[in-house]
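These are the residues of each chain, in order.
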Amino acid sequence: MTRVFITGIGVIAGFLLLVGVFAYFRKDLPNLKDISGKEIGGSVLYYDRTGQTLLWEDVNGVKRIPVKEESINQHVKDATIAIEDKEFFKHGGFDVRGIFRAAWNNAFGGGGTQGGSTLTQQLVKITNDWTKDRTLKRTVKELILAIELERSYSKKEILTGYLNAAPYGGVEYGVEAASRNYFQKSAKDLTLDEA
């Protein structure tokens, strides 16, 4: 009976601690009403009066062309999930095993650092410019925002937000800008090999 009582007290204390940590970190977090990544910037395209001939593109350090979900080839979506987050459709914003695996490898694995972030967590990092901050405090904030993102948006919307905001090398951000730069075609026209 005493063990049950102690276990119950431990569970209640753990729950209250978790709620306290959540409340402490939540007060300073940004509101994620927009996951399009428009804070990252984007290209401004100037066309002739017909709207068909591109005259000039103002990149301003970031080449980014956001597109709707239906304008991204399914191969790109599938390849991104397969490489970045195999469990994307199964988790609620974070992967406990991935976090512990990365922490263990970073502490004892030798070599470079490893990430345990899901696509949702990566979208939070990208849209808040937290990619260089690797502190525990930032990680807790990222987890809280990832959970809120998963509650506020569908998996399809999160994946589209990620594909429109993710860096693809150099100044290319988002799959459309990368596709146009690397393959001279729209993201909806990419082949399986290109994806």
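Before reading on, note that the structure itself is shown above.
Here's a quick rundown of the structure. (Residues numbered from 1 in each chain as written. Predicted model: local features only at pLDDT ≥ 70, side-chain atom pairs only at ≥ 80, totals over all residues. Heavy atoms only, no water.)

Attention shifts here to unusual backbone geometry. Residues other than glycine seldom take positive phi values, yet Gln 184 does so here, at roughly 55°. Positionally, Gln 184 belongs in the segment after helix 7 (175-183). (Helix = DSSP H or I, 4+ residues; strand = E, 2+ residues; numbered from the N terminus.)

A word on the environment of Ser 179. Within the secondary structure, Ser 179 is located in helix 7. Ser 179 sits 15 residues away from Glu 194 along the chain, and the two C-alpha atoms are 8.6 Å apart. With sequence-adjacent residues up to four places away left out, Ser 179 is seen in contact with Gln 184, Lys 185, Ser 186, Ala 187 and Leu 190. From its side chain, Ser 179 meets the backbone nitrogen of Ala 187 in a polar contact 3.5 Å long. (Contact = heavy atoms within 4.5 Å. Polar contact = N/O pair within 3.5 Å; in protein donor to acceptor, adjacent residues only side chain to side chain.)

Take the environment of Thr 127 next. Here Thr 127 lies in helix 4 (residues 119-128). With a relative accessible area of 17%, Thr 127 lands in the buried category. Thr 127 sits 34 residues away from Gly 161 along the chain, and the two C-alpha atoms are 9.3 Å apart. In this structure the side chain of Thr 127 is engaged in a polar contact, spanning 2.8 Å, whose partner is the backbone oxygen of Leu 123. Engagement of the side chain of Thr 127 in a polar contact is seen with the backbone oxygen of Val 124, the distance being 3.4 Å. (Buried < 20%, exposed > 50% of the residue type's maximum accessible area, 1.4 Å probe, protein only.)

Geometric descriptors of this kind do not, in isolation, establish any biological role.
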